[in-house]
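# Understanding the architecture of this molecule
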Number of protein chains: 2
Amino acid sequence: MSEVHAVRRSALRDRCAAGGWAAALISRPANVRYLAGSAPAGSALLVGPAEDVLVCPGDLPPDASGARVADGVRLHRLPTAGGDAAVAAAGLAASAGAETLAVEEHHLTVARHRALVSVAPRMRLTDVAAAVEQQRLVKDEDELACLRIAAEITDQALGELLESILVGRTERHLALELERRLVDHGAAGPAFPTSVATGPNAGAAGHLPTDRRVEEGDFLSVRLGADYRGYRCEIGRTFVIGPSPDNWQIDLYDLVFDAQRAGREALLPGAECREVDHAARQVLDSAGYGGDLSPWMGHGVGLEIGEDPQLSPSAMGKLDACVPVTVDPGVHLPGRGGVRIDDTLVVRSEADGGPELLTITTKELLAL
Amino acid sequence: MSEVHAVRRSALRDRCAAGGWAAALISRPANVRYLAGSAPAGSALLVGPAEDVLVCPGDLPPDASGARVADGVRLHRLPTAGGDAAVAAAGLAASAGAETLAVEEHHLTVARHRALVSVAPRMRLTDVAAAVEQQRLVKDEDELACLRIAAEITDQALGELLESILVGRTERHLALELERRLVDHGAAGPAFPTSVATGPNAGAAGHLPTDRRVEEGDFLSVRLGADYRGYRCEIGRTFVIGPSPDNWQIDLYDLVFDAQRAGREALLPGAECREVDHAARQVLDSAGYGGDLSPWMGHGVGLEIGEDPQLSPSAMGKLDACVPVTVDPGVHLPGRGGVRIDDTLVVRSEADGGPELLTITTKELLAL
């Protein structure tokens, strides 16, 4: 993997050269990890001018810093506690004679930025903007392999839960059990807080588990994902509790299923992101649910659970091959519950077999 | 509780008046929650000039926003998705005629700050600095009651774990089980990622659970805490696995115990924060462990797990009554393991009985 990180940093160096910047200071943790192989808490990565240096706070003992860095990155631990790694890295850049340093203005706070200026008053600070996020969009084979394993773990955890007795258990307990099972199967942890929603809560976007217990007749919707080596996937499924679903439940499920399938089928290299959103959204819209839908029908995944691209009506840009995204439409009827169906897929050309589905748990409406 | 929040906002308004600011824009989540009673993801609170407004992103459906705000706060949901609540709040302040707006420069990124400027170019932005963090230092009775319950939950979860069989189980599983038990007993969740460290990992600050299994003869150190209504406490204990500890284990334990007791006994209103650090640190220092100690011997807790005051050699300021802090010294011997003992206490005068210990699990060296 080390060579991979060197290639990534080299691409950022090219971006610096094009911008006329001597060096770039990367502070956003997912970006640091992408370029250096690891991102100890509070660390910052200086790319160039002379060398690449990962600056780590002096607060953690060496064995807790998790600092196994990629080849070609020098590890620099601050000698004293309480220091700011980004400020120290800016000082290193200035000492090395950098005249212009590109920083992540979308990550640095105003106060930290001011501290950078004061440590290197003669160095010009500019904005590296989303240069690293752009690099992260298209995944390489190692990254896709991590996402595939993350999805496999997620499917296993969900599959085991479905074999257990659900009635009478609380949303909170089911969520904890899913997270335990993710770790059982090799996840570093959950990719995001697991959502379990029952009855009237089912299908609500971003629902956080409560003490409500599963009851007969409920919709039950879950959303979970594994973090495997930093790579995060997402699955969402909705079930019915009891011997057989009501008609309104079947109808709502079929509708969301159709919307989600339309979104999945729109995932092709070259497709506009907003077209994918539209494909799923218009199915729900034409059934009269347009007003209350979530603002996107899917989003990129990788080292962060919500990264570019966004699949939303206002999204600019097109999909490329090897971009992993979710397709996650849902409808929530206040007081009654609802349905949400969510997969992680990798965009592939039709010649390559079309979109690659990573989360393979069935999307039939199961009555549990 | 609502009146409490109004009083807190009124104190911030006084600070604004003293600074000549028309209004304050609070974006740091713990500060928003402290002043408004709740802090939905991505929200921002405008305090003044005419009224107090909690601005929430339009992305979440109403039932997922968790927006039960305190009396006297108007809830304003952005009409469209993807908007920035802080930027919208700055716009509201400008429309209301505010000439100067104090913002949290230690929380806003450079990019967001620029967006604020562009939405209200004639309004002067200044720095509210740590005004709200200062207000949060001394806790009221409601806050202390939440911390007491958080500590009770934490003691229960730890106590139950100690009754179970530990040998052969992995750090990761023990950590997950502790977190499940926290929720079982009423926590909203863990206050921070639970640390379980065995054998050579024991006693290492900030250790993240691995797949190492508990073995006979190990030191086992755990650090956990409950989040109860947003308030977070912390406990750390170290045990020995097997019938009886080795002599070196007993000696190291006694040493850290002495250091931790010295720190606890130094907690009095008016004590310098660095004196408390010194009291604990010098015990370890004089035994020859001074070089590898963590940079603080304790820290404040509340709506965040690491808040002011810091108990460190360079800390300025004195302790007040009703300030909850941890005292958490430890020693880690690379390759062998170590000991960490950590309590949450509330600073009280001697007339009030001295420091109030919230985490009451025994600090005897248990052989499990």
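In this report, the structure presented in the accompanying data block is examined. (Residues numbered from 1 in each chain as written. Chains lettered and ligands numbered in written order. Predicted model: local features only at pLDDT ≥ 70, side-chain atom pairs only at ≥ 80, totals over all residues. Heavy atoms only, no water.)

With that settled, consider the overall build of chain A. Helices and strands together make up the secondary structure of chain A, namely 9 helices and 19 strands. The C-alpha radius of gyration computed for chain A amounts to 23 Å, which stays within 12% of the reference 21 Å derived for 368 residues, consistent with globular compactness. Expressed along its principal axes, the backbone C-alpha trace of chain A runs to roughly 70 × 45 × 35 Å. The 368 residues of chain A split such that 55% are buried. When contacts within chain A are restricted to residue pairs at least 6 apart in sequence, long-range pairs at least 24 apart make up 65% of them. Put simply, chain A shows about 14,600 Å² of open surface, and 51% of that area lies on carbon and sulfur atoms. (Helix = DSSP H or I, 4+ residues; strand = E, 2+ residues; numbered from the N terminus. Rg over C-alpha atoms; globule rule 2.2 N^0.38 Å. Buried < 20%, exposed > 50% of the residue type's maximum accessible area, 1.4 Å probe, protein only. Contact = heavy atoms within 4.5 Å. Areas by Shrake-Rupley, 256 points an atom, 1.4 Å probe, with all protein chains shown as cover.)

This brings us to the interface of chain B and chain A. If you look at the interface, chain B gives 29 residues, while chain A gives 29 residues. Across the interface of chain B and chain A, roughly 2,300 Å² is buried in total on both sides, 64% from carbon and sulfur atoms. Contact with chain A buries area across many residues of chain B, yet B:Glu105, B:Val110 and B:Leu176 alone supply 21% of it, more than any other trio. Viewed at the interface, chain A and chain B are joined by 2 salt bridges. Note that B:Arg114 and A:Glu105 form a salt bridge whose closest N and O atoms lie 2.1 Å from each other. Linking chain B to chain A there are 10 residue pairs in polar contact (both at pLDDT 80 or more). A per-element tally of the side of chain B that touches chain A places helix H7 (residues 171-184) of chain B first, with 6 residues. Class assignment for the residues of the side of chain B that touches chain A results in 14 nonpolar, 7 polar and 8 charged. (Buried area = accessible area lost by both parts, 1.4 Å probe. Salt bridge = Lys/Arg side-chain N within 4 Å of Asp/Glu carboxyl O. Polar contact = N/O pair within 3.5 Å; in protein donor to acceptor, adjacent residues only side chain to side chain. Nonpolar A, V, L, I, M, F, W, Y, C, P; charged D, E, K, R; others polar.)

Below, the discussion takes up the packing of aromatic side chains. Evaluation of the coordinates by the stated rule reveals 2 aromatic pairs over all chains. Look at A:Phe219 and A:Trp248: their rings are 5.5 Å apart centre to centre, the planes differ by 85°, and that puts the pair in the edge-to-face class. In this pair, A:Phe219 is assigned in strand S9 (residues 219-224) and A:Trp248 in helix H8 (residues 247-265), connecting sequence segments 29 residues apart. Classification of A:Phe219 by relative accessible area gives buried; the value is 2%. Using a relative accessible area of 25% as the deciding quantity, one classes A:Trp248 as partly exposed. The positively charged end of B:Arg8 is found above the aromatic ring belonging to B:Tyr34, 4.1 Å away from the centroid. (Phe/Tyr/Trp six-rings, centres within 6.5 Å; stacked < 30°, edge-to-face > 60°. Lys NZ or Arg CZ within 6 Å of the ring centre and 35° of its normal.)

Bringing the pairing of strand S3 (residues 52-56) of chain B into the picture now. The side chains of a regular strand alternate between the sheet's two faces. All names here are of chain B. In terms of burial, S3 is largely enclosed, as 5 of its 5 residues are buried. In this antiparallel pair of consecutive strands, strand S2 (residues 44-47) and S3, the connection spans 4 residues, and Gly 48 shows a positive phi of 85°. Where S3 and strand S4 (residues 73-77) come together, 5 bridges link them in parallel fashion. Its bridge partner lying in S4, Leu 54 is registered against Leu 75. (Pairing = 2+ DSSP bridges.)

All names here are of chain B. Counting buried positions over the 8 residues of helix H2 (residues 29-36) gives 6, a clear majority of the element. Taken residue by residue, H2 has Ala 30, Asn 31, Val 32, Tyr 34, Leu 35 and Ala 36 as its buried positions. At the C-terminal side of H2, Gly 37 shows a positive phi close to 90°.

Residues and elements named next belong to chain B. Strand order in this open sheet of 3 strands is S7-S10-S11, and the pairing throughout is antiparallel. This sheet does not close on itself; its edge strands, each paired only once, are strand S7 (189-190) and strand S11 (231-232). For S7 and strand S10 (residues 226-228), the ladder comprises 2 bridges, and the chain directions are antiparallel. Each residue of the ladder has a partner; that of Gly 189, found in S10, is Asp 227.

What follows deals with the state of the cysteines. As enumerated under the stated definition, the model contains 0 disulfides over all chains in all. With no disulfide of its own, A:Cys322 lies closest to A:Cys146 among cysteine sulfurs, the gap being 14 Å. (Disulfide = S-S within 2.5 Å.)

A few words on the relation of the copies chain B and chain A. Rotating chain B by 180° about the axis while translating it 0.1 Å along that axis superimposes it on chain A, leaving an RMSD of 0.0 Å. Expressed as a symmetry operation, the mapping of one chain copy onto the other fits a two-fold axis. For chain B, the residue whose C-alpha comes nearest the rotation axis is B:Thr109, separated from it by 1.9 Å. Comparing interface residues between copies, 100% of those in chain B also lie at the interface in chain A; the contact surface is shared. (Least-squares fit on C-alpha atoms with pLDDT ≥ 70 in both.)

So, about the pattern of salt bridges. Side chains that carry opposite charge are capable of pairing whenever their charged atoms lie near each other. All chains considered together, the criterion is met by 62 salt bridges over all chains. Put simply, A:Asp328 and A:Arg223 hold a salt bridge, and the shortest N to O gap is 3.9 Å. Taken as a pair, A:Asp328 in the loop between strand S15 (324-327) and strand S16 (330-333) and A:Arg223 in strand S9 lie far apart in primary sequence, 105 residues in all. Each of the two residues, A:Asp328 as well as A:Arg223, counts as buried. The salt bridge partner of B:Asp227 is B:Arg232, with a shortest N-O separation of 3.2 Å. Owing to a relative accessible area of 9%, B:Asp227 belongs among the buried residues under this scheme. According to the relative accessible area criterion, B:Arg232 is partly exposed, its value standing at 21%. Here the residues in one salt-bridge network are A:Arg28, A:Glu133, A:Arg136, A:Lys139, A:Glu304 and A:Glu307, joined through shared partners.

Once that is clear, we can look at the packing of helix H6 (residues 141-162) of chain B against H7(B). Residues and elements named next belong to chain B. At a minimum axis separation of 9 Å, H6 and H7 run at an interaxial angle of 135°. Here H7 runs oblique to H6, going by the angle between their axes. For H6 against H7, the interelement crossing comes out right-handed. Of H7, the residues touching H6 (which contributes Ile 153, Thr 154, Ala 157, Leu 158, Glu 160 and Leu 161) are Leu 174, Glu 177, Leu 178, Arg 181 and Leu 182. Residue composition of the contact of H6 with H7, by class: 7 nonpolar, 1 polar and 3 charged. (Axes fitted to C-alpha atoms, helices over the stretch in contact; angles between N-to-C directions. Parallel < 35°, antiparallel > 145°, perpendicular 65-115°, else oblique. Left-handed = near helix turned anticlockwise from the far one by under 90°.)

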